[in-house]
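# Analysis of the macromolecular model
Read off the chains here:
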Amino acid sequence: MFPSKENLYLTVIAGADIDFGREFRLMHDEIIVGRSEDSGIQLSDARVSRHHARISIMPSPTDPGAYVVEAVDMGSTNGTFVNNTEISRALLRPGDKIRMGETILKIQARDEGEVLYHQRLYEMATKDHLTRLYNKNYFEETLKKHLSISQRHGRLLSLLMIDLDRFKCVNDEYGHLAGDLVLQKFSNILRDTFRQQDIIARWGGEEFAVILPETDLTGAVKIAERLRRTTQDSDFVVNDIPLKITISIGVSSFPLDAVPDSEEVSSTETVNQWSKNLVDGADRALLWVKSNGRNATSRSSQVSKTYSREA
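Residues numbered from 1 in each chain as written. Predicted model: local features only at pLDDT ≥ 70, side-chain atom pairs only at ≥ 80, totals over all residues. Heavy atoms only, no water.

### Some points on the pairing of strand 17 (residues 247-254)
- Most of strand 17 is tucked away: 8 of the 8 residues are buried.
- Here strand 17 shows a buried face lined by Ile247, Ile249, Val251 and Ser253 and a second buried face lined by Ser248, Gly250, Ser252 and Phe254.
- Here strand 17 pairs with strand 18 (residues 297-299) via 3 bridges, running parallel. Bridging across to strand 18, Val251 finds its partner in Arg299. (Buried < 20%, exposed > 50% of the residue type's maximum accessible area, 1.4 Å probe, protein only. Helix = DSSP H or I, 4+ residues; strand = E, 2+ residues; numbered from the N terminus. Pairing = 2+ DSSP bridges.)

### Quick look at unusual backbone geometry
- That bond from Phe254 to Pro255 is cis: its omega, 5°, falls within 30 degrees of zero.
- By secondary structure assignment, the location of Pro255 is in the loop between strand 17 and helix 6 (271-291).
- Here the phi dihedral of Asn83 falls at roughly 50°; this positive angle occurs in a residue that is not glycine.
- Inspection of the secondary structure puts Asn83 in the loop between strand 7 (80-82) and strand 8 (85-87).
- Even without a glycine there, the phi angle at Arg294 is positive, about 65°.
- Judged by relative accessible area, which is 27%, Arg294 ranks as partly exposed.

### Considering the sheet that holds strand 8
- The sheet built from 6 strands is open, its strands ordered 2-1-11-10-7-8 with antiparallel pairing. Each of the sheet's edge strands pairs with one partner strand only, and the pair in question is strand 2 (23-25) and strand 8. For this sheet the average axis-to-axis angle between neighbouring strands, irrespective of direction, equals 30°.
- For strand 7 and strand 8, the ladder comprises 3 bridges, and the chain directions are antiparallel. Bridge pairing links Phe81 to Glu86 in strand 8. (Axes fitted to C-alpha atoms, helices over the stretch in contact; angles between N-to-C directions.)

Worth remembering: the numbers are spatial, not functional.
So this is what it looks like as structure tokens:
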């Protein structure tokens, strides 16, 4: 039993890296938990059913002003467990652990300070400390998730790999603090360029990556070119000195650059390979641009698959 329905949260304490540490506030009287996009709480765990369980919040029949929270299995493939006991339905108590597939969620009532604390921990685990963009690990896990969605629903998806041209010269001439300021300025340009549903990450050093859900190759190239022009037209001011920065961009698209011609888009077991193919394709295109003048955009399909960092 819970004294209030305010500030009830489910926290992911075990499961897929992309979900670990996430907190979901129980803001409605009924919430569906599952892998489907239309679930109120969407999990990435492949062992979680599309509509796995329902969480219901109801006034207590015995204690006026209090509430009970019930978990109901919705015919899931792998079952719903509360404190390691499989249930069809069960009333939850503060601190109970609900397991669905490989994911464990803990139900708790949190005050504002606790919520902010856990949000901070989650950001530290998923975001780059300098740019406040997502980090590489989060990006890679999210790409697999979006590829699974694209495969399941027949949707397109594109990927950009971006590199700041001659960035080492900025660090060498003006110092690493100046380089950090340039990276932060460019991160703001990225935020202003892309949609809320696009996933922007710092891949490492001066390299960045962007997932563009439901975007075909032509659309991705147009967006990449807009970003490139915006960057070269922007002033990067370091120690009162205006610098001009340009970028090189490689573009790949699903399924065109991710799925071999001989393979059908049907099995989630191949998502890891599709992810690798997509990243490798965009990376090849990016390297080709950097080897052929920089400050341009290239498509994966325009570059030989034998081209690599060692080429």
